[in-house]
Amino acid sequence: MNIFFLLITILFSGALLVFLINKVAPKIGGIIAFATIALVSFLFFTQVDTGDTYQFTLGEIPMQFGVTPYTYIFAIIVLGLGTLASLYSIGYMQGKKRLGYYYANFILTVTGMIGIIFSQDFISFFIFWEIMTWSSYLLVIYTGHKSQNIGMKYMIFSAIGAYAMLTAIVSIKANYGTYNIADAIQNGAFNFSEHMYIPIMLLIGFTVKAALMPLHVWAPNAYSKSPMAFTSIFSGAMSKMGILGIGLVLASAYSYTDHENVNYVVALRYTLGWLGGITAVMATIYALIQTDAKKLLAYSSIAQLGYIIVGLSTGSELGVMAALFLAIVHGIFKGALFMVVGAVEKQVGTTDMTKISGLIRKMPFTFFVALVSIIALAGIPPLGGFVGKWMLYEALITESNNYFLVIVIFFSSTAAFLYSYRFLFGLFLGQEEKDTEHVKEAPITMIIPMMILAILLMVTGAFPGILFEPIAHGMHYLGFSDVNWDMSILVNVWGEESNMTYINLSIGIVFVAIFAFLTIKGYKGTKNVGTKDISTGGEIPTENENLTYQMDFFKPFERAAAPLYKRSMNKIWNDLGNALEALTDFIRKIYSGNGQTYALFVVIFLVILLLFKDTLFAN
């Protein structure tokens, strides 16, 4: 059996097995799910080489599986994060119901993503895209009745994207005579030469999954209401399928310089760039006012995806490398952060940052992962987030000359420090509460994957060349010539070089010194004063008054940004939905199913013809 078919077969078989075995032995479903995805990962990274292909026919339609250097980048994200998330699920899902339902759809979601990566024709690509969408929808509504509306919104936008993609695929076959993705790119299907609606329709489908504004409104609730073990790949990996597609569509545009319609390509890239920038800013602003850690991370994910789309839109070597680097790093730190929140939720019972605080001593390993991941998210050296944002800034300044977009991205990145601090302080660094005295560290099956992701963030920051090499090969597939990269050197436009080894060592020493100081100080018998054991203005607060630092956090900023919070895309989409519903109600009155009504329409039509026959049928 061909290796690609073998991997897909193992995944489908694993999904069926965990669903069936749940009837007799639900506790081993998680082990089977982990073993299935881990086996597929092992076989993929040991048996599959980039460039391998397998052609077959399905109903007289030629189809092809394979892995290109470009899709290999996304296989790293999906299989790496999928394996760790499945291990994490064993501890997180312990004691929950419908485990067969959960693990089967978890594996099917991974199957859909791997199938997309393998697909080198549009038919199999679309089939696996739908498998990914439907299985993830079933996990979005896993929690029950309260998540039905969230799932419905997710499916409506997914349907919009799917129909847009299907329209483009049919048009490609009709105009270019092929379903093969590489042939379509080579024949100019994406370069605006004849049918500019084709790349636009594909981009609509891909940007829905990438949560690009204004098509993002499904994401905040879908990310925050799904089981956190799944959200770690929902946000960390599945959103990258949209990024994968955007890169493929822009592959022609990157080398597009001489055609008469080059202005359309430039306009497309600028539009994508600014939509990405606006997404980054607005999502960051909304993240700042969230008091639930899950909702905060959901908006943060949307913001980080905005950075990646900005990098892809530049079309420059450094910008695209920054985007793909950030795509991998985002998968690592966002997967880790959702795991952190899941650990807190499981051990404490809530993720509301106004109700819990001071978990640093109760959950030290979880705090360590949160700290490392937040540093990466905020783009602080020495971790990988810093490397990616450095490259993105330099690409925008030196290669795209888009200084205004630099200001937008810098503002978003700076504001991210605020919600990063809120996240850390709200969950871990605040005053310990009596309600959390019983809290213990998360189970080992949850700690291990989180710690692995934290270590990966440190490694990719110290040695970014580990990722630069596969990214360079992927960019070559997209049409870039020899891509320059180095293991640990950052170079700026003034010709100066900064050796990351020394930077990382210096920062590491500072962090260790601060950690040691705070640890020693913390064990000197400091008196713990509860958040209610204070008085303000001569008045003693009552028991129902919460005076933790989380309350009214950054209130001055929230007041300053109040006009932005009033303009919600949700309201715009709801108004559009209500208008469409009113239109369909009106049409329903016309097409009533009553024969007499239809006869009346015929009579009215004939009268109009008689009255205007001279005008309508004049020679």
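Here's what I pulled together on the structure shown here. The shown structure was predicted, so the numbers you read here are calculated from the model rather than taken from an experiment.

The rules behind each value
- Residues numbered from 1 in each chain as written.
- Predicted model: local features only at pLDDT ≥ 70, side-chain atom pairs only at ≥ 80, totals over all residues.
- Heavy atoms only, no water.
- Helix = DSSP H or I, 4+ residues; strand = E, 2+ residues; numbered from the N terminus.
- Buried < 20%, exposed > 50% of the residue type's maximum accessible area, 1.4 Å probe, protein only.
- Contact = heavy atoms within 4.5 Å.
- Areas by Shrake-Rupley, 256 points an atom, 1.4 Å probe, with all protein chains shown as cover.
- Expected span 1.5 Å × (residues − 1).
- Pairing = 2+ DSSP bridges.
- Phe/Tyr/Trp six-rings, centres within 6.5 Å; stacked < 30°, edge-to-face > 60°.
- Lys NZ or Arg CZ within 6 Å of the ring centre and 35° of its normal.
- Core = buried A, V, L, I, M, F, W, Y, C linked by side-chain atoms within 4.5 Å.
- Domains from an automatic or database assignment.

1. Structural notes on the overall build of the protein chain
Within the protein chain one finds 24 helices and 4 strands. Counting over 619 residues, the protein chain shows a buried share of 53%. In the protein chain, of all internal contacts separated by at least 6 residues, the share reaching a separation of at least 24 is 77%. Here the protein chain displays about 27,900 Å² of accessible surface, and carbon together with sulfur accounts for 64% of that area.

2. Side note on the environment of F118
On the secondary structure map, F118 appears in helix α4 (residues 99–118). Its relative accessible area of 1% is what places F118 among the buried residues.

3. Considerations on helix α1 (residues 3–21)
Three or four residues apart is the spacing at which side chains of an α-helix point the same way, because the helix has 3.6 residues per turn. Helix length check: α1, at 19 residues, gives a terminal C-alpha distance of 26 Å against a target of 27 Å (1.5 Å per residue), a fit within 8%. I3, F4, L7, I8, I10, L11, G14, A15, V18 and I21 are the residues of α1 that are buried. Contacts from the buried residues of α1 go to α2 (29–47), β1 (53–58), β2 (61–66), α4 and α5 (122–140).

4. Let's talk about the pairing of β1
Note: β1 against β2, 6 bridges, orientation antiparallel. Following the sheet pairing, F56 is matched in β2 by M63. Taking the residues that link successive antiparallel strands as the turn, the β1-β2 hairpin has 2 residues, and the phi of G59 there is positive, at about 60 degrees.

5. What to know about helix α3 (residues 69–92)
The end-to-end C-alpha distance of α3, which contains 24 residues, comes to 34 Å, matching closely the 34 Å that a straight helix rising 1.5 Å per residue would cover. Most of α3 sits out of view: 19 of its 24 residues are buried.

6. Re the packing of aromatic side chains
Counted under the stated rule, the structure contains 34 aromatic pairs. Here Y154 and W218 contribute two aromatic rings whose centre-to-centre distance is 5.1 Å and whose plane-to-plane angle is 45 degrees, an arrangement assigned as tilted. With a gap of 64 residues between them, Y154 in helix α6 (residues 148–176) and W218 in the loop between α8 (197–209) and α9 (219–225) connect regions that are remote in the sequence. Through pairs of rings, three or more aromatic residues link up here, namely F4, F5, F44, F45, Y54, F56, F65, Y72, F118 and F128. For the cation-ring pair, K96 lies above Y92, with the distance from its terminal atom to the ring centre recorded as 5.2 Å. Cation over ring: R98 sits above Y101, and NZ or CZ is 4.7 Å from the ring centre.

7. Re the nonpolar core
Counting residues in each nonpolar core, the largest one holds 196 residues, and the members touching the most others are F74, F118, W218 and F423. For this core, the element with the most residues is helix α13 (residues 317–348), which contributes 22 residues. Each of domain 1 (1–197 + 204–226) and domain 2 (257–497) gives at least three residues to this core. Leave out the neighbours within four places in its chain, and F118 touches F4, L7, I8, F44, Q64, F65, G66 and V67.

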